[in-house]
Amino acid sequence: MFAIEQLRKKMRITLLILGSLFSTCTFAGIYKCTDINGKTDYQSKPCDPQHKTVQINVKTGSSAELDEEKQKQDLAKKEQDENLEKEQKLKKQAQLKQDAMSESAKNQFLIKNNPERFSAFSIPPYVLDQLPDLVKEYQTRLPDIEGLRRQAAEKALASGQCTRVEASELHGKSTKQALVFSVSCSSGKSFYFTEQELAK
């Protein structure tokens, strides 16, 4: 009998505590916090990170496991970030392709209007999707490479030792610090220019 009375007393105290929480947190909701040992507490503010958190809506009686919700939100944000990164990468790639094609068009215009100084295939366009292995290594600089090939050919012609350009290509001695270009002339003479020399 005494044990039953004690149990009733504990239940009344628990109900009083929950009642006070419900009355003060009707709009904010109640947080059920469970630690790693399975001990559960109810409180009006969110649980600390070490506890599993369930938010109880006092009005509707519904509950939501906040840890799961947070995981879902984190996953959704990660997917959103990945999609944004993919979209930016595609835009960057499209811009790179467009800029490279623009430089290639200038090269072809120069060749077409100066057939006595350039062979028809002296500066063939590097196509982004079909790059030679050497050029692929520096593909992020493709527009620069196309422009510098033209400058290398013009510099060789300006030397007076090259009457007609047969080929102007990116050379294997290129590094990330300095691209190197080779120009072959119809006379058999070859020229080598670094991008720094072409910038002078």
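Conventions and cut-offs
Residues numbered from 1 in each chain as written. Predicted model: local features only at pLDDT ≥ 70, side-chain atom pairs only at ≥ 80, totals over all residues. Heavy atoms only, no water. Phe/Tyr/Trp six-rings, centres within 6.5 Å; stacked < 30°, edge-to-face > 60°. Lys NZ or Arg CZ within 6 Å of the ring centre and 35° of its normal. Helix = DSSP H or I, 4+ residues; strand = E, 2+ residues; numbered from the N terminus. Buried < 20%, exposed > 50% of the residue type's maximum accessible area, 1.4 Å probe, protein only. Polar contact = N/O pair within 3.5 Å; in protein donor to acceptor, adjacent residues only side chain to side chain. Pairing = 2+ DSSP bridges. Axes fitted to C-alpha atoms, helices over the stretch in contact; angles between N-to-C directions. Disulfide = S-S within 2.5 Å.

Caption draft 1: How the structure looks around the packing of aromatic side chains. Applying the stated criterion across every chain yields a total of one aromatic pair. Note that R149 overlies the ring of Y126, its terminal NZ or CZ placed 3.9 Å from the centroid. Seen from the ring of F191, K189 lies directly overhead, with NZ or CZ sitting 5.3 Å from the centre.

Caption draft 2: Broad picture of the environment of T40. If you trace the backbone, T40 turns up in strand β2 (residues 40-43). The class of T40 is partly exposed, set by a relative accessible area of 33%. Sequence separation of T40 and T53 is 13 residues, and the distance between their C-alpha atoms is 9.9 Å. At a separation of 3.4 Å, a polar atom in the side chain of T40 contacts the side chain of T34.

Caption draft 3: Structural view of the sheet that holds strand β5 (residues 165-170). With respect to topology, three strands assemble into an open sheet ordered β5-β6-β7, the strand pairing being antiparallel. Both edges of this open sheet fall to β5 and β7 (190-194), since each of them pairs with a single strand only. Each strand axis lies, on average, 15° off the axis of its neighbour in the sheet, ignoring direction. In this structure, strand β6 (residues 180-185) lies alongside β7, joined through five bridges in antiparallel fashion. Residue pairing for β7: V180 is matched across the bridge by T194.

Caption draft 4: Here's a closer look at the state of the cysteines. What the rule picks out here adds up to two disulfides. Bridging C33 to C47, the disulfide has an S-S length of 1.9 Å. Its torsion about the S-S bond being -85°, the disulfide of C33 and C47 is classed as left-handed. A residue pair is termed long-range when its members are at least 10 positions apart, and C33 in strand β1 (residues 30-34) and C47 in the loop between β2 and β3 (52-56) qualify at 14 residues. Both residues of the pair, C33 and C47, belong to the buried class. The residue that forms a disulfide with C162 is C185, at a sulfur-sulfur distance of 2.0 Å. Between C162 and C185, the S-S dihedral sits near -110°, and the bridge is therefore left-handed. Remark: C185 occurs in strand β6 and C162 occurs in the loop between α4 (142-158) and β5; sequence separation between them is 23 residues. Looking at C162, the relative accessible area reads 3%, which means it is buried. For C185, a relative accessible area of 7% corresponds to the buried category. The connectivity of the disulfide-linked cysteines in the protein chain, indexed sequentially, is 1-2, 3-4.

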